[in-house]
Protein chains: 2
Amino acid sequence: MDIAVVGLGLIGASFAKGIKQHTNNKVYGFDINNETLTKAKRDGTIDDIVLMNNLSDFDMVIVALYPVNTIEVCTDALKTMKRGSTLVDLCGIKGSIVDKIEPLALKAEVDYIGTHPMAGRELWGYDAAVNDLFKGASFIITKTENTNMEKVKILRNLAEEMLFKESVITTPKEHDKIIAFTSQLAHVVSNAYVKSPSLLEEKGFSAGSFLDLTRVAKLNEYMWSELFVMNKEPLLFEVDNIIKELEKYREALENDDIHYMEELLKEGRILKEKSNLAHSKKC
Amino acid sequence: MDIAVVGLGLIGASFAKGIKQHTNNKVYGFDINNETLTKAKRDGTIDDIVLMNNLSDFDMVIVALYPVNTIEVCTDALKTMKRGSTLVDLCGIKGSIVDKIEPLALKAEVDYIGTHPMAGRELWGYDAAVNDLFKGASFIITKTENTNMEKVKILRNLAEEMLFKESVITTPKEHDKIIAFTSQLAHVVSNAYVKSPSLLEEKGFSAGSFLDLTRVAKLNEYMWSELFVMNKEPLLFEVDNIIKELEKYREALENDDIHYMEELLKEGRILKEKSNLAHSKKC
């Protein structure tokens with residue numbers, strides 16, 4: 001296939017590198033930053049530069065941008081993509097993207113598939129991209145009643161060649177609900193965690209638990225703000241839920257109620273053990 | 001030295017193993033579980049079994065028990081320890097322990113030092129103990145106006161031989177304040193995190209951030225409840241603080257206020273970067 005990747009940040013450029021390294025497809029790229037484009041061509045991340053005003057030569061166009069730009073660029077891309085080609089986006093939320101893009105793709109007779117490769121780093125931009133960012137990761141593919149399952153198959157094969165651990169098929173709504181819990185809430189909580197006056201006094205005292213809890217506090221605030229706000233309802237549910245749960249531990253402490261504290265901790269331990277078990281069964 | 005370790009759980013038995021493996025001291029041990037004691041002697045974790053009713057032969061007695069038992073056992077131990085010997089406890093909170101034990105130790109003319117080896121596992125008990133649990137970890141030593149600094153020196157040397165990364169000297173109060181933030185809050189938040197109805201739906205969707213945030217949710221509820229309740233004020237401060245901070249993200253979401261969300265996330269990112277910098281400067 002001739003594949004165009006639009007947006008050569010951490011995710012887009014790592015995706016392009018993954019395709020180049022592990023598959024026989026040709027990869028073309030576009031980025032609004034000319035320096036990035038020149039670098040990407042020079043270092044072989046892409047075979048050549050794409051002209052965005054004509055995407056009619058490509059079998060697959062992959063958009064790797066922030067949510068708002070994803071919608072804009074997909075909308076534009078559909079104007080010149082050829083009938084029967086495939087449009088894929090890699091954005092971390094799916095409902096609001098799929099709702100906007102799918103009707104336009106249907107009209108353009110292009111097969112659109114919303115996906116989410118579950119990997120990242122605490123760095124971003126072209127220079128943070130690496131060949132094997134997706135090695136061992138999950139590739140989430142969303143489907144609707146309009147999804148062309150032949151194209152899903154092609155995408156799954158591509159993901160497999162790129163060394164993703166697995167492709168998981170779900171609906172955009174289900175994706176957004178789960179991602180609010182497993183990824184977005186983790187970023188909110190981690191980012192909130194470091195906001196204690198105790199933070200800069202902790203030298204020498206930080207066990208692994210502190211480092212684990214705060215690892216993803218270092219994030220790209222522009223991208224994550226868009227992702228959060230465009231996934232308002234599910235994320236609000238999770239934030240409300242953890243606040244409600246934290247208030248129980250607060251109450252146990254306030255009342256010196258060691259038995260209630262034990263109950264709360266036991267409940268969490270058992271849930272975590274169940275979750276570990278579910279994971280290990282999958283592996 | 002002849003050293004007695006009382007309590008051969010994860011921490012006590014790992015400490016005994018560390019001393020045996022890396023130093024020339026003799027290690028004796030006690031545990032209320034007879035099977036554990038037999039195992040510990042048979043597999044060489046300890047040189048021999050201690051009789052708790054007479055500790056007069058030991059240069060150093062190390063107590064590795066839960067908070068309430070630590071106070072009870074230290075109180076008893078001081079009745080038979082010889083003058084000029086050293087009593088050490090490894091409990092994860094220090095203020096309430098030191099306040100109780102220090103006056104008794106002064107009276108018995110025993111040098112008491114409250115410490116906290118900053119390492120752990122998501123497993124506990126004798127069978128979870130390993131030789132190098134403390135390799136690369138921080139060893140926190142608390143001192144008061146009564147602390148015998150010669151004994152602190154001996155303890156630091158022991159920690160160094162056992163491959164601790166460093167010994168950090170602080171006050172019991174300062175220890176408890178920082179530990180509330182870096183360790184106890186991490187366990188509370190992680191334990192609360194898993195309590196979402198979304199937990200068991202997340203198969204295949206869990207990126208590293210979820211696994212990091214929930215790693216320490218699996219904890220020993222009896223030990224941690226004691227630790228939390230005996231460190232009420234500092235931990236309550238931290239739990240209140242993170243609830244207050246989480247409510248700000250909640251507000252930004254509720255109001256679709258992307259700029260406020262960006263501000264909140266940026267503030268957290270910068271704090272985390274400063275914290276990383278402080279760590280890397282130390283290393």
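Here the structure is a predicted model, which is why all the values come from computation and not from measurement.

Rules used throughout
Residues numbered from 1 in each chain as written. Chains lettered and ligands numbered in written order. Predicted model: local features only at pLDDT ≥ 70, side-chain atom pairs only at ≥ 80, totals over all residues. Heavy atoms only, no water. Helix = DSSP H or I, 4+ residues; strand = E, 2+ residues; numbered from the N terminus. Expected span 1.5 Å × (residues − 1). Bend = angle between axes of the 7 residues up to and from the residue. Buried < 20%, exposed > 50% of the residue type's maximum accessible area, 1.4 Å probe, protein only. Phe/Tyr/Trp six-rings, centres within 6.5 Å; stacked < 30°, edge-to-face > 60°. Domains from an automatic or database assignment. Contact = heavy atoms within 4.5 Å. Buried area = accessible area lost by both parts, 1.4 Å probe. Salt bridge = Lys/Arg side-chain N within 4 Å of Asp/Glu carboxyl O. Polar contact = N/O pair within 3.5 Å; in protein donor to acceptor, adjacent residues only side chain to side chain. Axes fitted to C-alpha atoms, helices over the stretch in contact; angles between N-to-C directions. Parallel < 35°, antiparallel > 145°, perpendicular 65-115°, else oblique. Left-handed = near helix turned anticlockwise from the far one by under 90°. Nonpolar A, V, L, I, M, F, W, Y, C, P; charged D, E, K, R; others polar. Core = buried A, V, L, I, M, F, W, Y, C linked by side-chain atoms within 4.5 Å.

Trainee: It is not clear to me how helix H6 (residues 172–193) of chain B should be interpreted in this structure. Could you clarify?
Mentor: The periodicity of an α-helix, 3.6 residues per turn, causes residues three or four positions apart to be oriented the same way. All names here are of chain B. In a regular helix each residue adds 1.5 Å, so 22 residues correspond to 32 Å; H6 covers 30 Å between its end C-alpha atoms and thus fits that length. Its axis deflected by about 50° at Ala 180, H6 carries its strongest bend there. The buried fraction of H6 is high, at 19 of 22 residues.

Trainee: I keep staring at the packing of aromatic side chains and nothing clicks. Help me out?
Mentor: How two aromatic rings sit relative to each other is given by the distance of their centres and the angle of their planes. Under the counting rule described, the total for this entry stands at 20 aromatic pairs over all chains. Among the aromatic residues, those joined into a ring-pair cluster are Phe15(A), Phe134(A), Phe139(A) and Phe164(A).

Trainee: Please clarify how the domain arrangement of chain A should be interpreted in this entry.
Mentor: Frequently, the measure chosen for interface size is the accessible area that the parts lose on association. Residues and elements named next belong to chain A. We note that the domain assignment places domain 1 (2–170) and domain 2 (175–282) within chain A. Placing a centre on the C-alpha atoms of domain 1 and another on those of domain 2 gives a separation of 31 Å. Domain 1 puts 19 residues into the contact, and the matching count from domain 2 is 15 residues. Each partner contributes to the roughly 1,500 Å² buried at the junction of domain 1 and domain 2, and carbon and sulfur atoms together form 65% of this total. Taken together, the connections running from domain 1 to domain 2 amount to 0 salt bridges. The tally of links from domain 1 across to domain 2 stands at 6 residue pairs in polar contact (both at pLDDT 80 or more). At the level of secondary structure, the elements contributing two or more residues to the side of domain 1 that touches domain 2 comprise helix H3 (67–77), helix H4 (95–108), strand S7 (138–142) and strand S8 (166–170).

Trainee: Looking at this structure, I do not really get the interface of chain B and chain A. What am I missing?
Mentor: Contacts between the two partners involve 91 residues from chain B and, on the opposite side, 91 residues from chain A. When chain B packs against chain A, close to 8,700 Å² is buried across both sides, 68% of that on carbon and sulfur atoms. On the chain B side of the contact with chain A, Phe181(B), Lys195(B) and Phe205(B) bury the most area, a combined 10% of that side's loss. One can count 12 salt bridges joining chain B with chain A. Ionic pairing is found between Lys195(A) and Glu267(B), a salt bridge with its closest N-O pair at 3.5 Å. Linking chain B to chain A there are 38 residue pairs in polar contact (both at pLDDT 80 or more). Going through the elements one at a time, strand S7 (138–142), strand S8 (166–170), H6, helix H7 (208–214), helix H8 (221–229), helix H9 (232–254) and helix H10 (258–282) of chain B are the ones with two or more residues in the side of chain B that touches chain A.

Trainee: Is there a simple way to explain the packing of helix H6 (residues 172–193) of chain A against helix H8 (residues 221–229) of chain A in this structure?
Mentor: Helix packing for two helices is described by the angle between their axes and how far apart those axes are. All names here are of chain A. Relative to each other, H6 and H8 sit at 125°, their axes nearing to 11 Å. With respect to each other, H6 and H8 are oriented oblique. By crossing handedness, the relation of H6 to H8 is classed as left-handed. Listed contacts from H8 to Ser 183, Gln 184, His 187 and Val 188 of H6 are Trp 224, Leu 227 and Phe 228.

Trainee: Please explain the packing of H3(A) against H4(A) as it appears in this structure.
Mentor: Residue and element names in this part refer to chain A. The contact between H3 and H4 brings their axes to 10 Å, and the two run at 5°. Accordingly, the angle class assigned to the pair H3 and H4 is roughly parallel. Packed against H3, whose contacting residues are Pro 67, Thr 70, Ile 71, Cys 74 and Thr 75, the element H4 presents Ser 96, Ile 97, Lys 100, Ile 101 and Leu 104 at the interface. In terms of residue class, the contact of H3 with H4 is made up of 6 nonpolar, 3 polar and 1 charged.

Trainee: Would you take a moment to explain the nonpolar core for this structure?
Mentor: Counting 107 residues, the largest nonpolar core has Leu87(A) and Leu87(B) as the members making the most contacts within it. Excluding anything up to four places from it in sequence, Leu87(A) contacts Val61(A), Val63(A), Cys74(A), Leu78(A), Met81(A), Ile101(A), Val110(A), Asp111(A), Tyr112(A) and Ile113(A).

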